[in-house]
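Here is how the chains run, residue by residue.
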2 protein chains.
Amino acid sequence: MYSKGYTSKLLEEAVDQFASLPGVGRKSALRMALHTLKQPKENVEKFASSFLALKSGIKYCSNCYMLSDTPVCPICSNRMRNHSIICVVESVRDVMSIENTEQYSGLYHVLGGIISPMEGIGPDDLTINELIERVKAGGIEEVVLALSTGIEGETTSFYIFRKLESTGVRISTIARGVGFGDDLEYADELTLGRAIENRQAFKI
Amino acid sequence: MYSKGYTSKLLEEAVDQFASLPGVGRKSALRMALHTLKQPKENVEKFASSFLALKSGIKYCSNCYMLSDTPVCPICSNRMRNHSIICVVESVRDVMSIENTEQYSGLYHVLGGIISPMEGIGPDDLTINELIERVKAGGIEEVVLALSTGIEGETTSFYIFRKLESTGVRISTIARGVGFGDDLEYADELTLGRAIENRQAFKI
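Model, not experiment: these values are computed from the prediction.

Participant: Run through the overall build of chain A, naming residues and quoting values.
Facilitator: Looking only at helices and strands, one finds seven helices and six strands in chain A. In sequence order, chain A lays out its α and β elements as α-α-α-β-β-β-α-β-α-β-α-β-α. For chain A, the C-alpha radius of gyration of 22 Å lies well beyond 17 Å, the compact-globule estimate for 204 residues. Along the three orthogonal principal directions, the C-alpha set of chain A runs to about 65 × 45 × 40 Å. Buried positions account for 38% of the 204 residues belonging to chain A.

Participant: Can you break down the relation of the copies chain A and chain B residue by residue, with the values?
Facilitator: Of the two same-sequence chains, chain A is brought onto chain B (RMSD 0.1 Å, axial shift 0.1 Å) by a rotation of 180 degrees. As the rotation angle and translation indicate, the two copies are arranged about a two-fold axis. Residues of chain A ranked by C-alpha distance from the rotation axis are headed by A:A48, positioned 2.5 Å from it. The residues that chain A uses at the interface reappear at the interface of chain B in 100% of cases, marking a shared surface.

Participant: Hey, could you go over the packing of helix α3 (residues 41-57) of chain A against helix α2 (residues 26-38) of chain B for me, with residue numbers and the actual values?
Facilitator: For the pair α3(A) and α2(B), the least separation of the axes is 9 Å and the interaxial angle reads 50 degrees. The orientation of α3(A) with respect to α2(B), classified from their angle, is oblique. Our pair here, α3(A) against α2(B), has a crossing hand that is right-handed. Residue-level inspection shows A:F51, A:L54 and A:K55 of α3(A) in contact with α2(B), the latter providing B:A33, B:T36, B:L37 and B:K38. Counted by class, the contact of α3(A) with α2(B) contains four nonpolar, one polar and two charged residues.

Cut-offs used in this document
Residues numbered from 1 in each chain as written. Chains lettered and ligands numbered in written order. Predicted model: local features only at pLDDT ≥ 70, side-chain atom pairs only at ≥ 80, totals over all residues. Heavy atoms only, no water. Helix = DSSP H or I, 4+ residues; strand = E, 2+ residues; numbered from the N terminus. Rg over C-alpha atoms; globule rule 2.2 N^0.38 Å. Buried < 20%, exposed > 50% of the residue type's maximum accessible area, 1.4 Å probe, protein only. Least-squares fit on C-alpha atoms with pLDDT ≥ 70 in both. Contact = heavy atoms within 4.5 Å. Axes fitted to C-alpha atoms, helices over the stretch in contact; angles between N-to-C directions. Parallel < 35°, antiparallel > 145°, perpendicular 65-115°, else oblique. Left-handed = near helix turned anticlockwise from the far one by under 90°. Nonpolar A, V, L, I, M, F, W, Y, C, P; charged D, E, K, R; others polar.

Don't take any of this as a statement about function, it's just geometry.
Here you go:
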């Protein structure tokens, strides 16, 4: 039998699939399915092959665990970048966000998540051991921890800090403070308190 | 070369494709591509085959032009429905919306758009001639025009009215008025005016 309002199983199945994408409800999924129907066959095939190729062809960089088409990602294999500094992030998207700022020229290390006892994610489920090996292999001067705030992020940062403490490598975290364009009155107390504590010399 | 922030062409191409879907920006497209990467291979293949099957397998009902898996759609082939009344709508989605109300048991006719000189859409680009043939073939008692309001919808309704006038079939349009849950103060003047003009006997 058909579901409410549907006159085609093919349409219903396509809508179900589109609705499984993150942030897509059934109304948007229907729009997407009908949009797909209106496209030339080549475009629809190109769409399908794009993510099938992504799924089957993509690799994780053997050095930093960033997504890559090659065994070593273009960041790690770029000789113009500073190979003595590693920025530790949670996800692929964080690397992309930092790259977009164009303010960082070192390397990365993608953990693949943060330590979360609630979700059963421990240090061994992440690439923390690989990070420690990378640092111990030498040539690293600084590790920048750029993990999310909150208990889980802080726990993960602290865990990594303790593991790397003995190596003598400089360990830093990204600055916390009131964002550009943010109103002081809407900043939470922790952020505002930290921003005052870490105040910097005024520059003109 | 890679675009800003990207370390993989495969990822970039998948994001481009997802971003071509209606209502999807580049940030959402990235989320969708990364979500796809996390799924088991079977799910990704199922997603691809769902809309490839939709594109290659779906038909338009030869009677009402609704989407269908069969030459005649399940609505037109349902003997329990009233085959003497046709509701004329612009799109497939309108049929689904009306079906969801469960207040209508007649048949439909999907025009595939409305007359729009601005976009170069004339009566012959739509299924208006097919509608007229359907009505002239006999057995139809009423045609309900359920097109969008606005100049183009009214023009299309009027065009169809003129074409069907001579057949003697009853022609109606759906009621316009203030929607349930809408505030009077936010209703536009045209809608509110029409709602007062078409006031109905109070029922308890």
